[in-house]
Amino acid sequence: MIAETGLAALWLAAALCALQLLFGIAVLRGNSDELSSAVRPVAVVQGLLTGISFLMLIWLFLRTDLSVELVALNSHSAKPWLYKFAGTWGNHEGSMLLWVAILAVAGGLVALFERRLNERTLIATLAAQAAIGLGFYAFLLFASNPFARLSPAAAEGQGLNPLLQDPGLAFHPPTLYLGYVGMSVAFSFAVGALVTRDVGAAFARAMRPWVLGSWIFLTLGITAGSYWAYYELGWGGWWFWDPVENASLMPWLAATALLHSVTVLATRDSLRAWTVMLAVVAFSMSMVGTFLVRSGILTSVHAFAVDPQRGTFILALLVLYIGGALALYGLRVGTVREGSQFEPVSREGALVANNLLFTAILGVVLIGTLYPLIVEAVTGEQLSVGPPYFNSTAGPLALLLVVVMAAGPLMRWRKDDWKKVVNRISLPILIASLVLAILMLAVSPIGILPTLGLTLAAGVGAASLAPLWGRKLRRTPLFTWGMVIAHLGVSVCMAGMAFESSFSEEVLVASRPGETHQVGPYTITFLGTEPVAGPNWTAIEARLSVNGDPEDLLRPQSRMFSSPPTETNEAAIRTAWNGQLYTVIGNGDGSGRWQLRLWWKPFVTWIWLGGVMIAFGGLLSLVGRVRRERRTAQREAYA
Amino acid sequence: MKRLIAPVLIALLAAMPLHAQSRMPAAQWANQQLPDPAQEAEAKELMESLRCLVCQGQSIADSDAEMASDMRALVRERIAAGENPDDIRDWLIQRYGRWITYNPPLDTVTWPLWFLPLILIGAGVWLARGRFRRRKES
Amino acid sequence: MTDEAPMAAPTETPTAKKKHLVLWVPLAFAVIFFGFFAYALYFGTDSPQQRAIESQMVGEQVPEMDLDPAVPGRPGLRTADLATGEPKLLNVFASWCVPCITEAPQLMQLQNAGVTIEAIAIRDRPQDVYGFLQRWGDPFNRIGADPNSQAQLALGSSGVPETFVIDGNGVIVHQHIGEIRPENVPEILNALENAR
């Protein structure tokens, strides 16, 4: 009965979704005002129903109901409960249902809590959200029903692949989905505002928490993904400019730009058309990212099970939603009045520069990722675009961006004076110059990008704290704290990258047991290897003693999985306050020597620490904004 | 309804499908650094920009595949022999086309790519400036 | 709230008209991208299953090589051996390569048809090559040993097995990637004939 309940709830939700769209259109065409009070409840109930439907699927997975095809194919009664739970979305149908559930619940939340936006705009927003939802409901119900029964029930499930039992795998997809779907809400707001020609500060304030929320998840998703790749790939790299990585970076870049332009719109009622554009672009990038990853049109080291048929479906939705939104943009945005004015040297000006640079980086990543495809379509030649290209193009743009980031928060709205701005950041400039001098004089030469990176990281770190100077810290609004911490996170992250790329030490050796190697501050003695076995793998494990202490061992493994036959390197990592020791064992040469790869990576952890700080800053900002919104709403209610 | 059995997201990160492997040990310079740090740095930079022929989008510097090992050996041997990294890259491009390098050489096909940041910034500034001017007129 | 009033549409001005065109640029770009996506989805080759990196050495002289014998009692392979006036095949194989077993009967068939097949054994030990030839047949004339894939890299070959058709002057005229299946034999013979 659980499966049937879930399916029924899903069908009902889909029907309500269609109703939501129809009611919305009717209200907007102005011929049935009495329906306008029905749209919100419909959206709420739709959210509830898909929520129930998804809970039913979780339930089925938790109790391993083998009469349900999806469970039988993807789960197993002997799995730990956590992976049964995560198995709900570890497959195509379940992940689609999760996507729809988040979408519908988000729509319901908008309907419940958004009170300050013009009612017509809100109804248009909910109608847009319903239009997005309908496409996914259709796909779910007609082509990938998660609740299909299996008769007779399977004796045991087929989904006991321990390779897939990884906490990272369990929670990475929902994190990204929350980010993507949050962007869909921003997109719906933009479409709604275009439909009613109501692009203004209220629209920006309504959209902002959704942008912030989804941006937090995207930030966390990328940070976690980067650490995971670092940990799993076994070569010490943390970013490869791989298509799948780029696919996750593109929505983040657009969302970050949007986050800043929405502030301008909310505070100063400027950048109207541009903010709408960015909201459309941010969701487009989420869809494009999903398409690139799922369709398999680009080769990636992060292998996904791909299916061109699903690629076709996502492409169709892409054309429908993105094409539709951009056509609406072309039609409508010309009639959106320009917002308030400002001088080029002003907080707005700095935020425009921020947006320009973020958009340029986004363009570079997007075109760079797709360029091989474009060239092949046009000339037939196969070419590759990779890290050297992205580093030398996006790198300098990013450095420029952090300069803007240092100065921007210290500039006044509307109009400011260059000299005063420079005055305000004189201390950070001094600190940066000092670091630059030290790097030039005292340290052996490192590359230009890392030198600038460290210099700017120091300056920007100081500058990002500057908005707090002379303020009563306890009375500083939470969202200002959020900005400060997020910007500080950027400088921490950048310092980590620069340290890692310029001061890492690498030792690659073919080592015999008993040999000793010096890497960074550590002395590593190779004691020998031994075979070990896991549930479905065998491995060669090296014993590396750290600093001559035979009790203090690192144990990197080279694992061989039986089915499917795959090989993985399990790095052994020692984290210290000032960096990480990263050790990997490679192949033996048959005569008693083993390849060892040892790295000392100073401050590499700062890369991810910075990422977490950025997300945490976003969270503070979100809480601060929501609280202030609520207070304002209450004041308005009393007035 | 028989849907695909494969989970959508089998991100078997790093799980390299096992290619048939030879029984020969890796070449000397496949996994060993050149004694001269300056030469090793040159070699490393080049290796990080060469695409592994048999991998899923990895550079030869990040791959355990035997072919990648042999390419690393080739790069290090030639650098040690005093060859210029660009010449080694050209030698490989001559054999595998530009697919082999992650750093596409500038020419008629790739100039839009390389000038892209400038084009984008230029277009952006043009759009933004248009706004400023119009406002001053009004 | 003043910003809740719907915006009035401004009157059409020449600048506004011009602006309208700019506003359609995003859609234009999106349509172009959709086109590329569709192309890649239905005709693209970057997926690992379809991709074959073709050697750019087709049309070029066989690169300089001087390979030791891969099995005792059989001559090794030098560049000069490939420019004898007669077209021939150069097979890149390895004893540890499974598809190489699949193509063994086709190579035998070609040899029986009078084709000279020179070979390069990639990353192989003499005893393994010997065992492979014993078990799966020996269609080869000379076999050069390429212990570190250096000759393979010089040829622009990206895997095993691959087969190159070489004309009498030592110029590579054709490359076959992957195992030679029975249906590929006529194509190989044809390339040999054209190289005459």
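Residues numbered from 1 in each chain as written. Chains lettered and ligands numbered in written order. Predicted model: local features only at pLDDT ≥ 70, side-chain atom pairs only at ≥ 80, totals over all residues. Heavy atoms only, no water.

A few points about the overall build of chain C
For step 1, the next point in the chain: Across its full length, chain C carries 6 helices and 7 strands.
For step 2, the next point in the chain: Listing the helices and strands of chain C from first to last along the sequence gives α-α-β-β-β-α-β-α-β-α-β-β-α.
For step 3, the next point in the chain: Relative to its full complement of 196 residues, chain C shows a buried share of 51%.
For step 4, the next point in the chain: Within the structure as shown, chain C displays about 9,300 Å² of accessible surface, and the carbon and sulfur contribution to it stands at 56%. (Helix = DSSP H or I, 4+ residues; strand = E, 2+ residues; numbered from the N terminus. Buried < 20%, exposed > 50% of the residue type's maximum accessible area, 1.4 Å probe, protein only. Areas by Shrake-Rupley, 256 points an atom, 1.4 Å probe, with all protein chains shown as cover.)

Description of the nonpolar core
Among soluble globular proteins, nonpolar side chains are generally buried collectively.
For step 1, the next point in the chain: One finds F136, F203, M207, L292, I297 and L370 of chain A together with F37 of chain C to be the most contacted residues of the largest nonpolar core, which totals 164 residues.
For step 2, the next point in the chain: The contacts of L292 of chain A, once residues within four sequence positions are left out, are M250, I297, L298 and L370 of chain A together with F37 of chain C.
For step 3, the next point in the chain: In terms of nonpolar packing, the next biggest core, distinct from the first, is built from 41 residues, M65, A94, C97 and I122 of chain C among them. (Core = buried A, V, L, I, M, F, W, Y, C linked by side-chain atoms within 4.5 Å. Contact = heavy atoms within 4.5 Å.)

Quick word on the interface of chain A and chain C
By a widely used convention, the size of an interface equals the accessible area lost when the partners come together.
For step 1, the next point in the chain: Listed per partner, the contact involves 48 residues of chain A and 32 residues of chain C.
For step 2, the next point in the chain: Of the roughly 3,300 Å² buried between chain A and chain C, counting both surfaces, carbon and sulfur atoms make up 66%.
For step 3, the next point in the chain: Its largest share of buried area at the contact with chain C, chain A owes to T299, E376 and Q382 of chain A, together 15% of the area lost on that side.
For step 4, the next point in the chain: Our count for the contact surface shared by chain A and chain C stands at 0 salt bridges. (Buried area = accessible area lost by both parts, 1.4 Å probe. Salt bridge = Lys/Arg side-chain N within 4 Å of Asp/Glu carboxyl O.)

Side note on the domain arrangement of chain C
For step 1, the next point in the chain: Segmenting chain C into domains produces domain 1 (14-43) and domain 2 (66-194).
For step 2, the next point in the chain: Of note, the centres of domain 1 of chain C and domain 2 of chain C, computed from C-alpha atoms alone, are 50 Å apart. (Domains from an automatic or database assignment.)

A few points about the sheet that holds strand β4 (residues 117-122) of chain C
Residues and elements named next belong to chain C.
For step 1, the next point in the chain: With mixed pairing, 5 strands are arranged side by side in an open sheet as β5-β4-β3-β6-β7. What marks the edges here is a single partner per strand, and that holds for β5 (143-146) and β7 (172-177). Direction aside, the axes of adjacent strands within the sheet are offset by 20° on average.
For step 2, the next point in the chain: Lying over the sheet, helix α6 (residues 185-194) contacts β3 (88-93), β6 (162-166) and β7, oriented at roughly 170° with respect to β7. (Pairing = 2+ DSSP bridges. Axes fitted to C-alpha atoms, helices over the stretch in contact; angles between N-to-C directions.)

A word on the sheet that holds strand β1 (residues 505-511) of chain A
All names here are of chain A.
For step 1, the next point in the chain: The 4 strands are arranged β1-β10-β9-β8 in an open sheet whose pairing can be described as antiparallel. In the strand order of this sheet, the two ends are held by β1 and β8 (572-576), each with one partner. Geometrically, the sheet is characterised by an average inter-axis angle of 15° between neighbouring strands, direction not taken into account.
For step 2, the next point in the chain: The pairing of β8 with strand β9 (residues 579-588) spans 5 bridges and is antiparallel. Following the sheet pairing, I573 is matched in β9 by Y582.
For step 3, the next point in the chain: Sitting on the sheet, helix α17 (residues 478-503) touches β1 and β10 (594-602), and the angle it makes with β10 is about 135°.

A short note on the domain arrangement of chain A
All names here are of chain A.
For step 1, the next point in the chain: Per the domain assignment, the segments making up chain A are domain 1 (1-151), domain 2 (188-336 + 344-413), domain 3 (425-502 + 608-639) and domain 4 (505-602).
For step 2, the next point in the chain: Facing 23 residues of domain 1, the contacting portion of domain 2 comprises 21 residues.
For step 3, the next point in the chain: Across the domain 1/domain 2 interface, buried area totals approximately 1,800 Å², and carbon plus sulfur atoms make up 72% of it.
For step 4, the next point in the chain: At the boundary of domain 1 with domain 2, the tally comes to 6 residue pairs in polar contact (both at pLDDT 80 or more).
For step 5, the next point in the chain: At the level of secondary structure, the elements contributing two or more residues to the side of domain 1 that touches domain 2 comprise α5 (92-113) and α6 (119-143).
For step 6, the next point in the chain: Per-class residue counts for the side of domain 1 that touches domain 2 are 13 nonpolar, 7 polar and 3 charged. (Polar contact = N/O pair within 3.5 Å; in protein donor to acceptor, adjacent residues only side chain to side chain. Nonpolar A, V, L, I, M, F, W, Y, C, P; charged D, E, K, R; others polar.)

Topic: the state of the cysteines
Working definition: the covalent bond between the sulfur atoms of two cysteines is a disulfide.
For step 1, the next point in the chain: Tallied over the entire structure, the rule returns 2 disulfides over all chains.
For step 2, the next point in the chain: Disulfide pairing is shown between C52 of chain B and C55 of chain B; the S-S distance is 2.0 Å. Across the S-S bond of C52 of chain B and C55 of chain B the torsion is about 60°, and the bridge reads as right-handed. Of the two residues examined, C52 of chain B and C55 of chain B, each falls in the buried class.
For step 3, the next point in the chain: Each disulfide pairs two cysteine sulfurs, and for C97 of chain C the partner residue is C100 of chain C, the sulfurs being separated by 2.1 Å. On the sign convention where negative means left-handed, the S-S torsion of about 95° between C97 of chain C and C100 of chain C marks this disulfide as right-handed. (Disulfide = S-S within 2.5 Å.)

A look at the pairing of β1 of chain A
All names here are of chain A.
For step 1, the next point in the chain: A large share of β1 lies buried, amounting to 5 of its 7 residues.
For step 2, the next point in the chain: Note that β1 and β10 share 7 bridges and pair antiparallel. Among the inter-strand pairings, E505 is bridged to a residue of β10, identified as W600.

Looking at the packing of helix α1 (residues 2-28) of chain A against α6 of chain A
Residue and element names in this part refer to chain A.
For step 1, the next point in the chain: Two numbers describe how α1 lies on α6: the axes approach to 8 Å, and their chain directions differ by 145°. As for the relative orientation of α1 and α6, their crossing is left-handed in sense.
For step 2, the next point in the chain: Here the contact of α1 with α6 is composed, by residue class, of 21 nonpolar, 3 polar and 1 charged. (Left-handed = near helix turned anticlockwise from the far one by under 90°.)

What to know about the environment of Q557 of chain A
Residue and element names in this part refer to chain A.
For step 1, the next point in the chain: By the element assignment, Q557 lies in strand β6 (residues 557-561).
For step 2, the next point in the chain: We classify Q557 as buried; its relative accessible area is 9%.
For step 3, the next point in the chain: Sequence spacing of Q557 and P531 is 26 residues, and the spatial spacing of their C-alpha atoms is 9.2 Å.
For step 4, the next point in the chain: With residues up to four places along the chain from it excluded, the contact list for Q557 reads V532, W537, A539, I540, E541, T568, N569, E570 and I585.
For step 5, the next point in the chain: Polar contacts involving the side chain of Q557 include one to the side chain of E541, which spans 2.8 Å.

Some words on the side chain of K88 of chain C
All names here are of chain C.
For step 1, the next point in the chain: Structurally, the position occupied by K88 is in strand β3.
For step 2, the next point in the chain: A distance of 3.3 Å separates a polar atom in the side chain of K88 from the backbone oxygen of D81.
For step 3, the next point in the chain: Polar side-chain contacts of K88 include one of 2.7 Å to the side chain of T84.
For step 4, the next point in the chain: In contact with K88, other than residues within four places in its own chain, are D81, L82, T116, E118, F164, V165, I166 and L192.

Focus on helix α2 (residues 36-62) of chain A
For step 1, the next point in the chain: Between its terminal C-alpha atoms α2 of chain A stretches 40 Å, which fits the 39 Å expected from 27 residues at 1.5 Å a residue.
For step 2, the next point in the chain: Two residues or fewer past α2 of chain A, T64 of chain A is found with a positive phi of approximately 50°. (Expected span 1.5 Å × (residues − 1).)

Brief notes about the packing of aromatic side chains
For step 1, the next point in the chain: All chains considered together, the criterion is met by 32 aromatic pairs over all chains.
For step 2, the next point in the chain: Consider the rings of W81 of chain A and F85 of chain A, whose centres lie 6.3 Å apart with planes at 45°: the pair is tilted. Here F85 of chain A and W81 of chain A lie together in helix α4 (residues 81-87), a separation of 4 residues that amounts to about one turn.
For step 3, the next point in the chain: Under the relative-accessibility criterion, W81 of chain A is labelled exposed at 60%.
For step 4, the next point in the chain: Judged by relative accessible area, which is 23%, F85 of chain A ranks as partly exposed.
For step 5, the next point in the chain: Feature note: the residues W99, F136, F139, Y177, Y180 and F313 of chain A constitute an aromatic cluster, connected by ring pairs.
For step 6, the next point in the chain: Residue placement shows R559 of chain A over the ring face of W537 of chain A; its charged tip is 3.8 Å from the ring centre.
For step 7, the next point in the chain: Positioned above the aromatic ring of W91 of chain B, the side-chain terminus of R78 of chain B is 4.0 Å from the ring centre. (Phe/Tyr/Trp six-rings, centres within 6.5 Å; stacked < 30°, edge-to-face > 60°. Lys NZ or Arg CZ within 6 Å of the ring centre and 35° of its normal.)

Some details on a positive patch on the surface
All names here are of chain A.
For step 1, the next point in the chain: On the surface, a cluster of positive charge is made up of R627, R628, R631 and R635.
For step 2, the next point in the chain: Assignment of secondary structure puts R635 in helix α18 (residues 605-638).
For step 3, the next point in the chain: Taking relative accessible area as the criterion, R635 reaches 55% and is therefore assigned exposed. (Patch = residues over 30% accessible without salt bridge, like charges linked within 9 Å, V, L, I, M, F, W, Y side chains within 5 Å. Lys, Arg positive; Asp, Glu negative; His and termini not counted. Charge placed at Lys NZ, Arg CZ, Asp CG, Glu CD.)

Quick notes on unusual backbone geometry
For step 1, the next point in the chain: Note that the residue after S151 of chain A, namely P152 of chain A, is joined by a cis bond; omega there is -5°.
For step 2, the next point in the chain: In this structure, P152 of chain A sits in the loop between α6 and α7 (167-195).
For step 3, the next point in the chain: In this structure, P161 of chain C follows V160 of chain C across a cis peptide bond, with omega equal to -10°.
For step 4, the next point in the chain: Structurally, P161 of chain C can be placed in the loop between α5 (150-155) and β6.
For step 5, the next point in the chain: Within the chain, R414 of chain A stands out as a residue other than glycine whose phi angle is a positive 70°.

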